[in-house]
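Survey of secondary and tertiary structure
This is what each chain is made of:
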Amino acid sequence: MAKVVEYLKKSVIYIVLVAVTSPIILLYYYLFASSFFKNVEGLIPSGFTLEYWSFILSGEIRVPGTVGTYYPNVYLVTFNTFFLAVTIAFFEVIFSSLAGYVISRYKFLGRTRLLQTILILHSFPGITLLIALFYIINILGLYNTLTGVIIIKVALDLPLDIWIMKGFFDGIPWDLEMSALVDGCNRLQAWWKVIMPNVRNGIMAIIIFAFLSGWSEFIYILTFIAEQKYWTLSMLVYALTSGEYLYIEPGVTAAAAIFYMIPVILFFLFAQKYLLRIQITSKGTF
Amino acid sequence: MTGSGGSGGKGLSRIFRRGYLYFFLLPSLAMIVFFFFVPAVLTFLISLTDMSYTLEWHWVGLANYVKMIQDPWTPLIFRNTMFYVFTTLSFFNVGTALLISLLTTHIEDRIGSAFRAIWLLPRITPSTVYALMWIWATRGDRSALFNWLLSFLGVPPVEWRLQWPWLLVILVNGFVGASFGMIIFTAALKSIPVDFTRAALVDGANTLQLIRYVELPLIKWPLMFVTAYQTLSLLTSFEYILLVTDGGPGLYTTEVWALYAYHMAFQVYGGGSAQYGYGAALSAVLVAIGLVLSVIYWKVFRMGEMMVEPKIEVD
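Residues numbered from 1 in each chain as written. Chains lettered and ligands numbered in written order. Predicted model: local features only at pLDDT ≥ 70, side-chain atom pairs only at ≥ 80, totals over all residues.

**Thoughts on the overall build of chain B**
Across its full length, chain B holds 14 helices and zero strands. Secondary structure elements of chain B occur, N-terminal to C-terminal, as α-α-α-α-α-α-α-α-α-α-α-α-α-α. Looking at the 315 residues of chain B, the share that counts as buried comes to 42%. At a minimum sequence separation of 6, the contacts of chain B that also span at least 24 residues come to 66%. (Helix = DSSP H or I, 4+ residues; strand = E, 2+ residues; numbered from the N terminus. Buried ≥ 20, exposed ≤ 12 C-beta atoms within 10 Å, placed from the backbone. Contact = placed C-beta atoms within 7 Å.)

Here's what the structure looks like:
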């Protein structure tokens, strides 16, 4: 009897879980199926085709019934996206590991105030500063450049990154560093040779978080970029989705979207432990 | 002489050592000052001007704030924002998040983790792709995913963006938003000592009683934290709404405060674009709320206690 109750309880849990989770799986499935099949009747695909993926070869997305190109080359756009994401990750790692180290190890005038500011900024929504940032970017002559977007992304992500890195530095025993100093390293050498290799997990977490955040960026691209040659994949997918006046096969849009998601899926499959860690430390502040 | 020379050298090397410190801090400090403090102040300054395309400073005092109060759309935008934040928060960012974490912690951990991982997908998927999935799956024809599934219940096909714009906006945001609370709640539930739950079970509590009288009271703080934190993030977020309905259908049906500020400043079509002054005034309201709430969270959730002193004083 108790077994039956237990079994029923588990079944109810699974049924509810599957029911609430299924929209997510179905949405991904539907997009995926739409890029490989001519017709997708709800969940049932028919007419397998690779034609929607043909842009992979040339990089050109064609508008049916027209000559010439309306969209920038997919590979140029991919390069921009990659450049943006890698540069953002690079600067975030460098800046946050420098600052996180000092904050973790030194006592200096204004340390408490700085740490307090970083923690408060961490919950402050940077997106509300968009109009002022637009003004600053214009004044600096960085409107319509990827540099402008990179600077803003790095700045807005930094409080969180510094907080994460400080946590990792706090976890390293002081003796380790002390012995390096005794052995004749100066602080800079000790930081680089002894400390940094010990916060590898933290660095990995920042790199993945910053890369994905740069790779997915949309609002700042939409707002600060004017020319197609600086587009990233988010703008391309946005244009393909909303470009109602130019007829694009929905399958092509779906294929471009999946192409855009490849790194995200790879990180999801192979770096989940970092993703979960990021999620907990990032928006969670515990 | 020798003494002072020695101490001079020491002082110099000390400055040199301190130099590292500022060299290490400088990039981050500069970024934070230049891209947080300066823009926060600028938002308020620009809100006192009628700045437009030319980015010229022309002071108009509080005219933008007067305009905001008199704007016939303000009451609608305000109601929309409240409705959006309240429903998304209660049904998804807290409600679904709690449901998922309770369910996945009451089954085998391996399977529970897999379900939680799936819930992370919407958050890490690029917003434009995620929006496309919803738009594509909820379009009007019969073979579209949602209409096809609902046809088995006898529901006639509809274009969701036109017929159920709010439902769509809440679902799109909710499926992203739930994962934050889910992770916090799961961590809190997992940290409840096994003794507590065993004691309750020995006393004859069933699963529902266990949840109601043992687990929920013990995760009261995380519940409050997620509610507070997500209120602010929903209040200021507009990206997914912009992508899915862009405030439509029609004029301002699903327009929220943050999106309205964005449209005033950057809308590409129609009149009323490049109103940076008015947009900044609308943003200034959110910046002020953001600052106040951030400081309150800091106090209420005792984040100050996380600021431990450095372990070893180096000097």
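**Concerning the overall build of chain A**
Scanning chain A from N- to C-terminus turns up 13 helices and two strands. Relative to the compact-globule value of 19 Å for 286 residues, chain A shows a C-alpha radius of gyration of 24 Å, a clear excess of over 25%. The dimensions of chain A, computed from C-alpha atoms along their principal axes, are 75 × 70 × 35 Å. Looking at chain A residue by residue over its 286 residues, the buried ones come to 44%. Contacts spanning at least 24 positions in sequence make up 71% of the contacts within chain A whose residues lie at least 6 apart. (Rg over C-alpha atoms; globule rule 2.2 N^0.38 Å.)

**Let's talk about the domain arrangement of chain A**
According to the domain assignment, chain A consists of domain 1 (2-49) and domain 2 (74-235 + 256-282). Distance between the C-alpha centres of domain 1 of chain A and domain 2 of chain A: 36 Å. (Domains from an automatic or database assignment.)

**Digging into the interface of chain B and chain A**
Across the contact, 80 residues belong to chain B and 81 residues belong to chain A. For the side of chain B that touches chain A, the leading source of residues is helix 1 (residues 2-46) of chain B, giving 17 residues. Here the residues of the side of chain B that touches chain A sort into 60 nonpolar, 15 polar and five charged. (Nonpolar A, V, L, I, M, F, W, Y, C, P; charged D, E, K, R; others polar.)

**What about the packing of helix 6 (residues 146-170) of chain A against helix 9 (residues 200-216) of chain A?**
Residues and elements named next belong to chain A. The interhelical angle for the contact between helix 6 and helix 9, taken along N-to-C directions, is 160°, at an axis separation of 10 Å. When the axes of helix 6 and helix 9 are compared, the pair comes out roughly antiparallel. Note that helix 6 runs across helix 9; the crossing there is right-handed. Packed against helix 6, whose contacting residues are Lys153, Asp157, Asp161, Ile164, Met165 and Phe168, the element helix 9 presents Asn201, Gly202, Ala205, Ile206, Ala210, Ser213 and Gly214 at the interface. Split by residue class, the contact of helix 6 with helix 9 holds six nonpolar, four polar and three charged. (Axes fitted to C-alpha atoms, helices over the stretch in contact; angles between N-to-C directions. Parallel < 35°, antiparallel > 145°, perpendicular 65-115°, else oblique. Left-handed = near helix turned anticlockwise from the far one by under 90°.)

**Remarks on helix 5 (residues 130-139) of chain A**
Residues and elements named next belong to chain A. Within helix 5, seven of the 10 residues are buried, leaving the element largely enclosed by the surrounding structure. Taken as a whole, helix 5 has its buried residues at Leu130, Ile131, Ala132, Leu133, Phe134, Tyr135 and Ile137. Looking at the residues trailing helix 5, positive phi occurs at Gly141, about 75°.

**Considering the pairing of strand 1 (residues 37-41) of chain A**
Residues and elements named next belong to chain A. Note: strand 1 against strand 2 (residues 44-48), four bridges, orientation antiparallel. The partner of Asn39 across the bridge, within strand 2, is Ser46. What sits between strand 1 and strand 2 in their antiparallel hairpin is a turn of two residues, with Gly42 showing a positive phi close to 60°. (Pairing = 2+ DSSP bridges.)

**A closer look at the nonpolar core**
Counting residues in each nonpolar core, the largest one holds 169 residues, and the members touching the most others are A:Leu236, A:Val237, A:Ala257 and B:Val244. When residues of this core are sorted by domain, at least three fall in each of domain 1 (2-49) and domain 2 (74-235 + 256-282) of chain A. (Core = buried A, V, L, I, M, F, W, Y, C linked by C-beta atoms within 7 Å.)

**Quick notes on the packing of helix 3 (residues 74-105) of chain A against helix 6 of chain A**
Residues and elements named next belong to chain A. One can describe the packing of helix 3 onto helix 6 by two numbers: an axis separation of 6 Å at closest approach and a directional angle of 40°. With respect to helix 6, the element helix 3 is oriented oblique. In this structure, the crossing between helix 3 and helix 6 has a hand that is right-handed. Looking at the contact of helix 3 with helix 6, its residues break down into 16 nonpolar, six polar and seven charged.

**Section: helix 3 (residues 74-105) of chain B**
Structural remark: α-helix, 3.6 residues per turn; residues separated by three or four positions point the same way. Here helix 3 of chain B contains 32 residues, and its C-alpha end-to-end distance of 44 Å stays within 8% of the 46 Å for a straight helix at 1.5 Å per residue. If you look at helix 3 of chain B, its biggest bend is around 45°, right at B:Leu89. (Expected span 1.5 Å × (residues − 1). Bend = angle between axes of the 7 residues up to and from the residue.)

**Digging into unusual backbone geometry**
Residue and element names in this part refer to chain B. The phi dihedral of Leu55 is positive, around 60°, even though this residue is not glycine. Given 14 C-beta atoms within a 10 Å radius, Leu55 is considered partly exposed. Backbone geometry places Asp246, a non-glycine residue, at a positive phi of 55°. Tracing the backbone shows Asp246 in the loop between helix 12 (239-244) and helix 13 (257-266). The exposure class assigned to Asp246 is partly exposed, which follows from the 17 C-beta atoms found within 10 Å.

**Description of the confidence of the model for chain A**
Close reading of the predicted structure is inappropriate where its pLDDT is low. When pLDDT is averaged across chain A, the result is 86; 93% of the residues are at 70 or more. Scored below 50 in pLDDT, residues 279-286 of chain A makes 14 contacts in the model with residues more than four places away or belonging to other chains. (pLDDT = per-residue confidence, 0-100.)

**Brief notes about the environment of A:Pro23**
Residue and element names in this part refer to chain A. Its place among the elements puts Pro23 in helix 1 (residues 2-36). Taking the number of C-beta atoms within 10 Å as the measure of exposure, Pro23 has 17 and is therefore partly exposed. A C-alpha to C-alpha distance of 32 Å links Pro23 and Val86, two positions 63 residues apart in sequence.

**Topic: the confidence of the model for chain B**
Residues and elements named next belong to chain B. Residues at a pLDDT of 70 or more form 89% of chain B, whose mean pLDDT is 85. Across residues 1-9, confidence stays below pLDDT 50; counting only partners more than four residues off in sequence or on other chains, it has zero contacts. In this model, residues 311-315 is a region of pLDDT below 50 whose contacts with residues beyond four sequence positions or in other chains number six contacts. On the interface metric, ipTM, the complex scores 0.90, and its pTM is 0.89.

**Some details on the environment of A:Tyr238**
Turning to its location among the elements, A:Tyr238 is positioned in helix 11 (residues 233-242). Spatially, the C-alpha atoms of A:Tyr238 and A:Phe55 are 17 Å apart, while their sequence positions differ by 183 residues. When sequence neighbours within four positions are dropped, the list of residues in contact with A:Tyr238 reads A:Phe218 and B:Thr128.

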